[in-house]
2 protein chains.
Amino acid sequence: MRRTAERLMDLAERRMREAGYHGFSFRDLAAEIGIKSASVHHHFPTKAEMVIAIMHRHNERFAELVTPKVGETPADVVQAYRNAFRRSLTEKGGMCLNGLFGAESGGLPPELLTQVEQFFVSAAADLAKRIGGPDAETRAFAILALLEGALILARAHGDVAAFDKATADLAAAEDDERTRKVAA
Amino acid sequence: MRRTAERLMDLAERRMREAGYHGFSFRDLAAEIGIKSASVHHHFPTKAEMVIAIMHRHNERFAELVTPKVGETPADVVQAYRNAFRRSLTEKGGMCLNGLFGAESGGLPPELLTQVEQFFVSAAADLAKRIGGPDAETRAFAILALLEGALILARAHGDVAAFDKATADLAAAEDDERTRKVAA
DNA sequence: GTCTATAATTTGATAGAC
DNA sequence: GTCTATCAAATTATAGAC
């Protein structure tokens, strides 16, 4: 069944969100779902390939989560991104994989790093386009940085409240930008 | 000589900033400075103890870097923090150790996580006290999150410019807060 | 798809000589 | 402080039977 492959990916993803690329081994996964590590290799030849598949799936899901809504305001867009990141914490048990791999990028497979960079490039471009206004690209970078950092604070404090605190002014700030534009 | 211990710490710190807690082994370090791994254990009994010593040293240095200046404005304080974080990238070769360990906290020694949490608690308190104004604590969280996330973006893009872009509006925003207060 | 068996390497760590 | 020698465990991965 392809179901086993998905369970393996789910499990590996969760472990990595908690502890990074080295946060799981094939033996770990195998033990938890009741098979042997050799069987994991049947579904994913190497660990690198497995992680790349996980990242691919994750980035597709992320794109769906922040898909544009008709009539959205810039504040709506920022809220959609904020909610998507927050879900990492509350439903996936930890960090954004792209942020995590960006942080520990030094020892990771190059193909993985390509995916990570690509994620940030397209997320920044998408955000910038949808919030618009002056310096949209700079503000998009700031928003992505704030969200990644807010996840770190929440992990360090062991409390989602830290994420909420760090991002409390996010939507309000974007409303300010709007007001400023309208006023000008 | 205590000199060897320091060289080991320097090397290990750099590797961890690039690739996280699992970014070096005692053998790596030993090979690079021309001794054997058993000799590294003479200076640091275990890896966990070594990393804790590195964190201790790092957090002391950080406190010095952002030490209060007489007559500082809130914008000055934020700039001092921004510069301290930026130095991680330009002089230390990578992430802030606290941010990195917060991100991959799942598989780390508990004593290390205690230090990480403590760092963020005291940094937020210090920042909040020195920038003052309404919601100082919330803004302090946002500033720390932005700085950590900006490091991630720079690592992911492989370019310090991403850090600068993400933090471009930081000091300006703090000036806004001041203006707002004065105007009120 | 899963198993047994096993290889090759790496890792954190220790004992004891010099 | 450094070395040789060594350990036990873990990790990624492969070959081939069922």
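This one's a predicted model, so the numbers in the text were calculated from it and none came from an experiment.

Criteria and thresholds
- Residues numbered from 1 in each chain as written.
- Chains lettered and ligands numbered in written order.
- Predicted model: local features only at pLDDT ≥ 70, side-chain atom pairs only at ≥ 80, totals over all residues.
- Heavy atoms only, no water.
- Helix = DSSP H or I, 4+ residues; strand = E, 2+ residues; numbered from the N terminus.
- Expected span 1.5 Å × (residues − 1).
- Buried < 20%, exposed > 50% of the residue type's maximum accessible area, 1.4 Å probe, protein only.
- Core = buried A, V, L, I, M, F, W, Y, C linked by side-chain atoms within 4.5 Å.
- Contact = heavy atoms within 4.5 Å.
- Lys, Arg positive; Asp, Glu negative; His and termini not counted.
- Salt bridge = Lys/Arg side-chain N within 4 Å of Asp/Glu carboxyl O.
- Least-squares fit on C-alpha atoms with pLDDT ≥ 70 in both.

Turning to helix α7 (residues 110-131) of chain A, a few remarks are in order. Residue and element names in this part refer to chain A. Under the 1.5 Å per step criterion, the end-to-end length of α7 is 32 Å for 22 residues, consistent within 8% with the ideal 32 Å. Buried residues of α7: L112, Q115, V116, F119, F120, A123, A124, L127, A128, R130 and I131, and no others. Remark: G132 follows α7 within two positions and exhibits a positive phi of approximately 60°.

What follows is about the nonpolar core. Y81 and F101 of chain A together with Y81 and F101 of chain B are the most contacted members of the largest nonpolar core, which has 123 residues in total. Aside from chain neighbours lying at most four places away, what touches F101 of chain B is M16, Y21, V51, M55, L108, L112, L113 and V116 of chain B.

Quick look at the side chain of E104 of chain B now. Secondary-structure assignment places E104 of chain B in the loop between α6 (97-103) and α7 (110-131). One buried charged residue, E104 of chain B, forms no salt bridge at all, with the nearest opposite charge on K47 of chain B at 8.7 Å. Excluding residues that lie within four positions of it along the chain, E104 of chain B makes contacts with E18, A19, G20, L100 and E104 of chain A together with G20 and Y21 of chain B.

Attention now goes to the relation of the copies chain A and chain B. Aligned on chain B, chain A shows an RMSD of 0.0 Å; the corresponding rotation is 180° and the shift along the axis is 0.0 Å. Both copies are brought into coincidence by an operation consistent with a two-fold rotation axis.

Let's shift gears to the pattern of salt bridges. Applying the stated criterion across every chain yields a total of 20 salt bridges over all chains. A salt bridge links K165 of chain B to E137 of chain A; the shortest N-O distance between them is 2.4 Å. Linking K165 of chain B in helix α9 (residues 160-166) with E137 of chain A in helix α8 (residues 136-157), this pair reaches from one chain into another. Its relative accessible area of 27% is what places K165 of chain B among the partly exposed residues. E137 of chain A sits in the partly exposed class, given a relative accessible area of 44%. In this structure, the salt-bridge partner of R15 of chain B is E32 of chain B, at a minimum N-O distance of 2.5 Å. Within this pair, whereas R15 of chain B is found in helix α1 (residues 2-19), its partner E32 of chain B is found in helix α2 (residues 26-33), the two being separated by 17 residues in sequence. Relative accessible area serves as the criterion here: at 48%, E32 of chain B is assigned to the partly exposed category. Each of D10, E13, R17, R57 and K92 of chain A takes part in one network of salt bridges that share partners.

Note that every value here comes from positions in space, so none of it alone points to a role or purpose.
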